[in-house]
Amino acid sequence: MTSGLWELVLKGVWTTVQLLVLSALLAAAVSFAVGIARTHRRRIVRFLAGFYTEVFRGTSALIMIFWVFFVLPLAFGWQLVPMWAGTLALGLTYGAYGAEIVRGALNSVDPAQREGGIALSFTPWQRMRKILLPQAVPEMIPPFSNLLVELLKGTALVSIMGMGDLAFSGNLVRLALQESAQIYTYVLLIYFVIAFLITRLMRGLEHRLKAGLGKAPQPRVSVRRPVGGGVR
């Protein structure tokens with residue numbers, strides 16, 4: 001490929017990374033807000049959070065992007081640029097999945113920990129901030145890592161808006177060179193590298209958080225048998 005075509009691909013990579021970071025930040029905020037609301041003591045709060053989760057988990061991310069980019073302007077009279085439309089659609093959709101991760105991790109904390117916070121006269125927010133979240137967050141990291149990789153793959157959907165992400169740029173290069181196998185192999189490898197870096201970073205974060213709780217995995221110690229046989 002020529003330098004101009006490589007530059008087009010690199011711009012697509014940068015656009016994909018920007019979209020991934022922005023939509024991941026929105027999805028994280030939604031995940032914690034809705035996930036914590038799913039454990040609220042008031043039924044109406046749990047109902048509204050559950051309704052949001054079911055709606056966004058039950059709809060296609062592709063159709064949600066269409067709706068945000070094409071239908072929302074008709075309803076409200078203003079048009080989002082493709083980057084923000086993709087961020088909003090992906091962040092809200094994947095945030096619904098993340099909310100279930102947060103809810104499950106919070107519910108997995110030993111009930112005795114909650115009772116201890118009540119015995120110390122902690123408010124619900126203090127119990128959440130000082131007792132539940134520090135123990136639940138490390139358990140969220142592995143499923144969040146998988147969700148982040150799925151979000152990375154979901155960013156390719158924004159190419160339907162003509163946004164110059166990696167998938168869209170790769171297709172332009174394919175049309176220019178009339179070479180599908182080579183170009184799509186490059187695109188696949190780039191997605192794989194980004195996903196691999198995500199999993200490594202998330203694994204390092206998991207180890208660090210668990211080390212703070214004294215749960216870091218211990219190094220394996222090999223035991224050597226003495227030379228010369230068994231016990232006499």
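Refer to the preceding data block for the structure.
This one's a predicted model, so the numbers in the text were calculated from it and none came from an experiment. (Residues numbered from 1 in each chain as written. Predicted model: local features only at pLDDT ≥ 70, side-chain atom pairs only at ≥ 80, totals over all residues. Heavy atoms only, no water.)

Peer 1: Could you clarify how one ought to interpret the environment of Phe47 in this entry?
Peer 2: Along the chain, the position of Phe47 falls in helix α2 (residues 43-57). When the C-alpha atoms of Phe47 and Ile198 are compared, they prove to be 33 Å apart, with 151 residues separating the residues in sequence. (Helix = DSSP H or I, 4+ residues; strand = E, 2+ residues; numbered from the N terminus.)

Peer 1: Got a minute to help me understand the pattern of salt bridges in this structure?
Peer 2: Side chains that carry opposite charge are capable of pairing whenever their charged atoms lie near each other. Going through the model one piece at a time under the given rule, you end up with 5 salt bridges. Ionic pairing is found between Glu100 and Arg103, a salt bridge with its closest N-O pair at 3.0 Å. Highlighted residues: Glu100 and Arg103, both in helix α4 (residues 82-107), separated by 3 residues, approximately one helical turn. Arg103 gets classed as partly exposed once you look at its relative accessible area, which sits at 24%. Here Lys153 ties to Glu150 by a salt bridge, and the two come within 3.0 Å at their closest N and O atoms. A residue pair is termed a helical-turn pair when its members lie 3 or 4 positions apart in one helix, as Lys153 and Glu150 do in helix α6 (residues 124-154) at 3 residues. Under the relative-accessibility criterion, Lys153 is labelled partly exposed at 49%. Because the salt bridges share partners, they merge into one network encompassing Arg38, Glu100 and Arg103. (Salt bridge = Lys/Arg side-chain N within 4 Å of Asp/Glu carboxyl O. Buried < 20%, exposed > 50% of the residue type's maximum accessible area, 1.4 Å probe, protein only.)

Peer 1: So what exactly am I meant to see when it comes to the packing of aromatic side chains here?
Peer 2: Working definition: an aromatic ring pair is given by the centre-to-centre distance plus the angle between the planes. A complete count under the given rule lists 9 aromatic pairs for this structure. Taking 4.9 Å as the distance between ring centres and 85° as the angle between the ring planes, the aromatic pair formed by Phe69 and Phe70 counts as edge-to-face. Residues Phe76 and Trp78 carry aromatic rings whose centres are separated by 6.0 Å and whose planes lie at 35° to one another, so their mutual orientation is tilted. Connected via pairs of aromatic rings, a cluster forms that spans Phe66, Phe69 and Phe70. For the cation-ring pair, Lys130 lies above Phe122, with the distance from its terminal atom to the ring centre recorded as 5.3 Å. (Phe/Tyr/Trp six-rings, centres within 6.5 Å; stacked < 30°, edge-to-face > 60°. Lys NZ or Arg CZ within 6 Å of the ring centre and 35° of its normal.)

Peer 1: What is the right way to read the packing of helix α1 (residues 3-37) against α4 from this model?
Peer 2: One can describe the packing of α1 onto α4 by two numbers: an axis separation of 6 Å at closest approach and a directional angle of 40°. What the angle tells us is that α1 and α4 run oblique. Seen from above, α1 lies across α4 with right-handed handedness. Of the residues assigned to the contact of α1 with α4, the class counts are 17 nonpolar, 10 polar and 1 charged. (Axes fitted to C-alpha atoms, helices over the stretch in contact; angles between N-to-C directions. Parallel < 35°, antiparallel > 145°, perpendicular 65-115°, else oblique. Left-handed = near helix turned anticlockwise from the far one by under 90°. Nonpolar A, V, L, I, M, F, W, Y, C, P; charged D, E, K, R; others polar.)

Peer 1: Help me understand a nonpolar patch on the surface in this model?
Peer 2: A cluster of nonpolar side chains, namely Ile63, Phe66, Trp67, Phe70, Val71 and Ile160, defines an oily patch on the protein surface of about 530 Å² accessible area. With respect to the helices and strands, the residue Trp67 is situated in helix α3 (residues 61-76). You can call Trp67 partly exposed: its relative accessible area is 42%. (Patch = residues over 30% accessible without salt bridge, like charges linked within 9 Å, V, L, I, M, F, W, Y side chains within 5 Å. Areas by Shrake-Rupley, 256 points an atom, 1.4 Å probe, with all protein chains shown as cover.)

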